[in-house]
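Survey of secondary and tertiary structure
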Amino acid sequence: MTDIKYDKDADLSIIQGKKVAVVGYGSQGHAHAQNLRDSGVEVVVALKPGSPSTAKATEAGFQVMTTPEATKWADVIVILAPDQHQRHLYAQDIAPNLTDGKALVFGHGFNIRFGYIQPPTGVDVILIAPKGPGHTVRREYEAGRGVPVIVAVENDATGKAWDLAWSYSKGMGALRAGGIITTFTEETETDLFGEQAVLCGGTSQLVQYGFEVLTEAGYQPEVAYFEVLHELKLIVDLMWEGGIAKQRWSISDTAEYGDYVSGPRVITPDVKKNMQAVLADIQSGAFAKRFIADQDAGAPEFLALRAKGEGHPIEETGRKLRALFSWKQSDSDYVEGKASR
């Protein structure tokens, strides 16, 4: 049985006794900073000079420092900049100002898992990964609830890193919902796999293929959009609420029967083999190397693939249809999910 930690298992006074610098004020950064502050923690926000996030952090009442200044000042440095920028930020602004006994906190294990950041042995290295976008993390905290968190310690230099990690999680409000122990490797590899094989890559490709099959067969693109994209939210919400079983219980018998007999025809065992190949690329570091090399070159592959996706016919169809809807169909939790520093 998984050991789940709750508020009663953590001492909030530990993080309340630390000076915390949150590097980045994007989706996760603003949530970490505001939740910790409201839990009685001394927090500053670290941003590069001229960052557009400076005004937001200042308006929220935070002192803004440069990252070198914040690293010297803080006991706990929370690195929440985008993955591809973290190693440069760390090398230039953080590493030269680290001293033994401080703690580095990450929201995602990418740079530690693949060796792009290699902290000194005298520093605690901790992972605090809420399982939700930052705006949800903040909203749930304000409502007196919390978003579950997974927590890891890669290096326990002080012998007190786990106590600090759980205290930090409590300050975030996460232990109201529960905290689960993981490792940097497990969090990184499963997170990347979920995004690529199911949540983002797998779902996007499945929707695009479904739209293409219907429109190429002569059906109206508007009708195809409703059937393969618009109604997807209903299905995902049902799964989220009660698992695949609730989704199947909620739909018609016709749809449920089609689920059983046709789902395996589309998602064949070969798809599982392809997923295993995706996982192997993640585990070996091949995906990380490809991503970082492309980013370092100015992201030509990334930008070309983004443009190709935005040019798919389903996007234009969707824009036209959504303009006709009488209800607002946007969620700032997700459209504002990009991190900044």
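Residues numbered from 1 in each chain as written. Predicted model: local features only at pLDDT ≥ 70, side-chain atom pairs only at ≥ 80, totals over all residues. Heavy atoms only, no water.

Focus: the sheet that holds strand 9 (residues 179–181)
Using the following cut-off: Only when DSSP finds a minimum of two bridges between them are two strands counted as paired. The helix count covers DSSP runs of H or I at least four residues long, the strand count covers runs of E at least two residues long, and both are numbered beginning at the N terminus. Any two residues having at least one pair of non-hydrogen atoms within 4.5 Å are treated as being in contact. Think of each axis as a best-fit line through the C-alpha atoms, taken over the contacting stretch in the case of a helix, with angles from 0 to 180 degrees between the N-to-C directions.
Read from one edge to the other, the open sheet built from 9 strands follows the order 1-9-8-7-6-5-2-3-4, with strand pairing classed as mixed. Each edge of the open sheet is held by one strand with a lone partner, namely strand 1 (4–5) and strand 4 (64–65). As defined by bridge partners, strand 7 (residues 124–130) adjoins strand 8 (residues 149–155) across 6 bridges and the pair is classed as antiparallel. The residue bridging Val-125 from the neighbouring strand is Asn-155, located in strand 8. The strands that helix 8 (residues 161–171) touches are strand 1, strand 5 (76–79), strand 6 (103–106), strand 7, strand 8 and strand 9; relative to strand 8, the one it contacts most, it runs at about 155 degrees.

Examining the side chain of His-30
Basically, it comes down to this: For the exposure calls, accessible area comes from a 1.4 Å probe over protein chains only, and a residue counts as buried if that area is under 20% of its type's maximum, exposed if over 50%, partly exposed in between.
Residue placement: His-30 occurs in helix 2 (residues 27–38). Accessibility expressed as a relative area gives 11% for His-30, which makes it buried. Excluding residues that lie within four positions of it along the chain, His-30 makes contacts with Tyr-25, Gly-134, His-135 and Arg-138.

Quick word on the side chain of Gln-247
Relative to the helices and strands, Gln-247 is located in helix 12 (residues 232–250). Setting aside residues up to four positions removed in sequence, Gln-247 forms contacts with Ile-235, Leu-238, Met-239 and Asp-259.

A word on the packing of aromatic side chains
How we decide: Stacked, edge-to-face and tilted are the three classes for Phe, Tyr and Trp ring pairs, Trp counted by its six-membered ring, which pair at centre distances within 6.5 Å; planes under 30 degrees apart are stacked, over 60 edge-to-face, the rest tilted. Whether a charge sits over a ring depends on NZ of Lys or CZ of Arg being within 6 Å of the ring centre and within 35 degrees of the ring normal.
Inspection of every chain in the model, using the stated rule, returns 9 aromatic pairs. Each residue in the set Phe-110, Phe-114, Tyr-116, Phe-287 and Phe-291 is aromatic and connected to the rest through ring pairs, giving one cluster. Above the ring of Phe-62, the side-chain terminus of Arg-37 is found at 4.2 Å from the ring centroid. Looking at Arg-176, its charged tip hangs above the ring of Tyr-141, at a distance of 4.5 Å from the centre.

Description of the confidence of the model for the protein
Where we set the bar: Each residue carries a pLDDT value, the predictor's own confidence for that position, ranging from 0 to 100.
Confidence in the prediction for the protein averages 94 pLDDT; 95% of positions are at 70 or higher. With pLDDT under 50 throughout, residues 331–341 is counted as low confidence; its partners more than four residues away or in other chains account for 28 contacts.

Remarks on the environment of Ser-262
Following the sequence through the fold, Ser-262 ends up in helix 13 (residues 253–266). Residue Ser-262 is classed as partly exposed on the basis of its relative accessible area of 31%. Residues Ser-262 and Gly-171, 91 residues apart in the sequence, show an inter-C-alpha distance of 47 Å.

Focus: the packing of helix 11 (residues 221–230) against helix 17 (residues 313–322)
Helix-helix packing is characterised by the crossing angle of the two axes and by the distance between the axes. Test applied: To sort the angles, those under 35 degrees are grouped as roughly parallel, those over 145 as roughly antiparallel, those from 65 to 115 as roughly perpendicular, and the leftovers as oblique. Side-chain classes follow a simple rule in which Ala, Val, Leu, Ile, Met, Phe, Trp, Tyr, Cys and Pro form the nonpolar group, Asp, Glu, Lys and Arg form the charged group, and the remainder, Gly included, forms the polar group.
Put simply, helix 11 and helix 17 touch, their axes get as near as 10 Å, and they point 90 degrees apart. Relative to helix 17, the element helix 11 is oriented roughly perpendicular. Where helix 11 approaches helix 17, its residues Pro-221, Glu-222, Tyr-225, Phe-226, Val-228 and Leu-229 are matched on the opposing element by Ile-314, Thr-317, Gly-318, Leu-321 and Arg-322. For the contact of helix 11 with helix 17, a count of residues per class yields 7 nonpolar, 2 polar and 2 charged.

Looking at the pattern of salt bridges
Threshold: Salt-bridge detection follows one rule: a side-chain nitrogen of Lys or Arg within 4 Å of a carboxyl oxygen of Asp or Glu.
Per the counting criterion, the structure on display carries 14 salt bridges. Between Arg-113 and Glu-189 there is a salt bridge, with the nearest N and O atoms lying 2.8 Å from each other. Of this pair, Arg-113 sits in helix 6 (residues 110–113) while Glu-189 sits in helix 9 (residues 184–199), and the two are 76 residues apart along the sequence. Its salt-bridge partner being Asp-237, residue Lys-233 comes within 2.9 Å of it at the nearest N-O pair. Within this pair, Lys-233 and its partner Asp-237 are both found in helix 12, separated by 4 residues, close to a single helical turn. Residue classification places Lys-233 among the exposed residues on the basis of a relative accessible area of 56%.

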